[in-house]
Amino acid sequence: MSNRQTQILEAAVRVIAQHGVRGLRVETLAAEAGVSTALIYYHFQNRAGVLRRALDHINDRAALYTESAFTETDPRAQLEQMLLLEFQNAPKIRENSIAWGELRASAVFADELREPLRTTTQEWADDVESLIRQAQDAGLADPKASPADAAERLTALVEGLSECWLSGSIPIERARELLTGAISVEIDPS
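Described in the following lines is the structure provided in the data block. (Residues numbered from 1 in each chain as written. Predicted model: local features only at pLDDT ≥ 70, side-chain atom pairs only at ≥ 80, totals over all residues. Heavy atoms only, no water.)

## Digging into the overall build of the protein
For the protein, the count of helices and strands is nine helices and zero strands. The secondary structure elements of the protein, listed N-terminal to C-terminal, are α-α-α-α-α-α-α-α-α. C-alpha extents for the protein along the principal axes are approximately 60 × 30 × 30 Å. In the protein, the proportion of contacts linking residues at least 24 apart, taken out of those at least 6 apart, comes to 64%. (Helix = DSSP H or I, 4+ residues; strand = E, 2+ residues; numbered from the N terminus. Contact = heavy atoms within 4.5 Å.)

## Section: the packing of helix 1 (residues 3-19) against helix 6 (residues 91-106)
Their axes nearest at 8 Å, the elements helix 1 and helix 6 cross at an angle of 70 degrees. The angle between the axes of helix 1 and helix 6 places the two elements in the roughly perpendicular class. Taking contact as the criterion, the partners of E10, V13, R14, I16 and A17 in helix 1 are, on helix 6, K92, E95, N96, I98, A99, E102 and L103. (Axes fitted to C-alpha atoms, helices over the stretch in contact; angles between N-to-C directions. Parallel < 35°, antiparallel > 145°, perpendicular 65-115°, else oblique.)

## Structural notes on the pattern of salt bridges
Under the defined criterion, the tally for this structure stands at twelve salt bridges. E80 is the partner of R76 in a salt bridge, and the nearest nitrogen-oxygen pair spans 2.6 Å. Taken together, the residues R76 and E80, both in helix 5 (residues 75-84) and four residues apart, mark about one turn of the helix. Given the relative accessible area of 13%, R76 is considered buried. R114 serves as the salt-bridge partner of D111, at 2.6 Å between the closest nitrogen and oxygen. With a gap of three residues between them, D111 and R114 both fall in helix 7 (residues 111-137), about one helical turn apart. (Salt bridge = Lys/Arg side-chain N within 4 Å of Asp/Glu carboxyl O. Buried < 20%, exposed > 50% of the residue type's maximum accessible area, 1.4 Å probe, protein only.)

## What to know about the packing of helix 4 (residues 47-66) against helix 6
As a packed pair, helix 4 and helix 6 sit with axes 10 Å apart at the nearest point and diverge in direction by 140 degrees. Considering the angle they form, helix 4 stands oblique to helix 6. For the element pair helix 4 and helix 6, the recorded crossing hand is left-handed. For the pair helix 4 and helix 6, contact is made by L51, L55, I58, N59, R61, A62 and Y65 and by K92, I93, E95, N96, S97, A99, W100 and L103, respectively. Here the residues of the contact of helix 4 with helix 6 sort into nine nonpolar, three polar and three charged. (Left-handed = near helix turned anticlockwise from the far one by under 90°. Nonpolar A, V, L, I, M, F, W, Y, C, P; charged D, E, K, R; others polar.)

## Describing unusual backbone geometry
Of note, Q45 is a non-glycine position whose phi angle comes to about 70 degrees, a positive value. Mapping Q45 onto the fold places it in the loop between helix 3 (37-44) and helix 4. Residue classification places Q45 among the exposed residues on the basis of a relative accessible area of 57%.

## Here's the deal with the environment of N89
With respect to the element layout, N89 can be found in the loop between helix 5 and helix 6. Spatially, the C-alpha atom of N89 lies 9.6 Å from that of L166, the residues being 77 residues apart in sequence. Beyond its immediate chain neighbours, meaning those up to four positions away, N89 contacts R94, W165 and I172. Among the polar contacts made by the side chain of N89, one reaches the side chain of R94 at a distance of 3.5 Å. (Polar contact = N/O pair within 3.5 Å; in protein donor to acceptor, adjacent residues only side chain to side chain.)

Printed below as a string of structure tokens:
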């Protein structure tokens, strides 16, 4: 991806986080990115193209800030750390979470967002499922737990807790505490 495309996608994430998906107009994006509208159309064809690529960009950014979880030595610790890293007060991470939530909420009304969002969500759940399976193989997770079901519940919980945290309904510490407890309930051996 070119530097210019990255610049436009970074601006798209900011605009979505600040104004929602409905607030993302090509003209607004061009002003935020400091480029012409023609350049946006050249790189992304249309607004829907910007939204799809912004979703991918959000996922790429999330992968960067959660990769530190893989310095942990065991898959159970990696799983917990990877999910907990979604709850940080760093401006870019908050922006990422807000934009993700906006895209997810908009998919209710925007058919063109549903499939890319479903695919991305499934990829995340697959990553979590893989770590749960690895933890089971290492004897660090309940062998009777369904990794696929636990992964879906945990990723859905992260999304819900993220929305509660970002909206001010619960403090970040409480979100992290609830998530840690849920991970234990889901996968720890009895």
